[in-house]
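Chains, contacts and geometry: an overview
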Amino acid sequence: MRSLAFAIAWALVIGGLAALLAHWRGEALSGRSAAVVAVFASGSFLGAWCAWGAASLVTLRRRKARGPARFAAMVLFLSLGTAAFAALFFFLQLRAYYSQWHTQQISYRMLWEQVFTAATTAYIFGVMGARALLPFALVPLLAFSLYFARIEPRRRVC
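Residues numbered from 1 in each chain as written. Predicted model: local features only at pLDDT ≥ 70, side-chain atom pairs only at ≥ 80, totals over all residues. Heavy atoms only, no water.

Describing the packing of aromatic side chains
The tally for this structure, following the rule as stated, stands at ten aromatic pairs. Note on W10 and F144: the rings are 5.0 Å apart at their centroids and 70° apart in plane angle, and the pair reads as edge-to-face. Placement of W10 in helix α1 (residues 2-24) and of F144 in helix α4 (residues 108-150) is noted, with a sequence separation of 134 residues between them. Assessed through its relative accessible area of 2%, W10 is described here as buried. Ring centres of F40 and F125 lie 5.9 Å apart, and the angle between their planes is 35°; this geometry places the pair in the tilted category. (Phe/Tyr/Trp six-rings, centres within 6.5 Å; stacked < 30°, edge-to-face > 60°. Helix = DSSP H or I, 4+ residues; strand = E, 2+ residues; numbered from the N terminus. Buried < 20%, exposed > 50% of the residue type's maximum accessible area, 1.4 Å probe, protein only.)

Here's the deal with the nonpolar core
Within the largest apolar cluster, 23 residues are counted, with the highest numbers of intra-cluster contacts made by F6, W10, F40, M74, L78 and L133. For this core, the secondary-structure elements that each account for two or more residues are α1, α2 (31-58), α3 (66-98) and α4. Per element, the largest residue contribution to this core is seven residues, and it comes from α1. Apart from residues no more than four positions distant in its own chain, L133 is found in contact with I14, L17, A18, L21 and F40. (Core = buried A, V, L, I, M, F, W, Y, C linked by side-chain atoms within 4.5 Å. Contact = heavy atoms within 4.5 Å.)

Considerations on the environment of F136
With respect to the element layout, F136 can be found in helix α4. Here F136 falls in the partly exposed class, since its relative accessible area comes to 40%. Placed 118 residues apart in sequence, F136 and A18 show a C-alpha to C-alpha distance of 9.7 Å. If we skip the residues at most four places from it in the chain, F136 touches L17, L21 and W24.

Here's the deal with the pattern of salt bridges
Going through the model one piece at a time under the given rule, you end up with one salt bridge. Taking the shortest distance from any N to any O, the salt bridge between E113 and R109 comes out at 3.2 Å. A residue pair is termed a helical-turn pair when its members lie 3 or 4 positions apart in one helix, as E113 and R109 do in helix α4 at four residues. Relative accessible area serves as the criterion here: at 54%, R109 is assigned to the exposed category. (Salt bridge = Lys/Arg side-chain N within 4 Å of Asp/Glu carboxyl O.)

A few points about the packing of α1 against α4
Remark: α1 packs on α4, axes separated minimally by 11 Å, with the N-to-C direction vectors making an angle of 160°. Overall, the two elements α1 and α4 adopt an arrangement that is roughly antiparallel. Between α1 and α4 lies a crossing whose hand is right-handed. Along its contact with α1, which presents R2, F6, A9, W10, V13, I14, L17, A18, L21 and W24, the element α4 presents A132, L133, F136, A137, P140, L141, F144 and Y147. Tallied by class, residues from the contact of α1 with α4 come to 17 nonpolar, no polar and one charged. (Axes fitted to C-alpha atoms, helices over the stretch in contact; angles between N-to-C directions. Parallel < 35°, antiparallel > 145°, perpendicular 65-115°, else oblique. Left-handed = near helix turned anticlockwise from the far one by under 90°. Nonpolar A, V, L, I, M, F, W, Y, C, P; charged D, E, K, R; others polar.)

Next up, the structure:
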């Protein structure tokens with residue numbers, strides 16, 4: 001339950017940050033800007049939810065210096081998970097757009113088109129998406145990771 005609340009809070013922060021940055025740049029509220037906010041919010045939700053589990057699993061057997069290890073694991077997994085899932089959703093949107101020009105039969109050509117669409121999407125997202133969030137999302141990233149490091153994992157008695 002705690003991981004779900006963590007993921008929802010992270011999605012609200014990143015989605016709100018994306019909306020504020022779009023407004024700050026003078027972009028009007030449109031379907032395009034709402035789609036960008038939705039991509040960042042949904043990607044950050046799934047990224048945070050998976051990051052909670054991965055960071056907990058990696059630091060499960062850690063006895064000494066558990067707090068710093070949990071902090072470092074959450075910084076790593078939260079940043080990578082958010083970027084990876086947001087990029088995946090961005091790829092799915094671009095794939096839907098470019099599908100009208102791609103072949104429909106399963107073939108090497110279709111695989112080739114998917115690989116290059118994914119590579120182009122990763123490049124575009126890396127240049128545009130990271131630039132939008134990187135300087136401003138650093139403080140919430142550290143705050144959420146510190147929260148994760150400070151809570152004690154639940155002990156189960158089997």
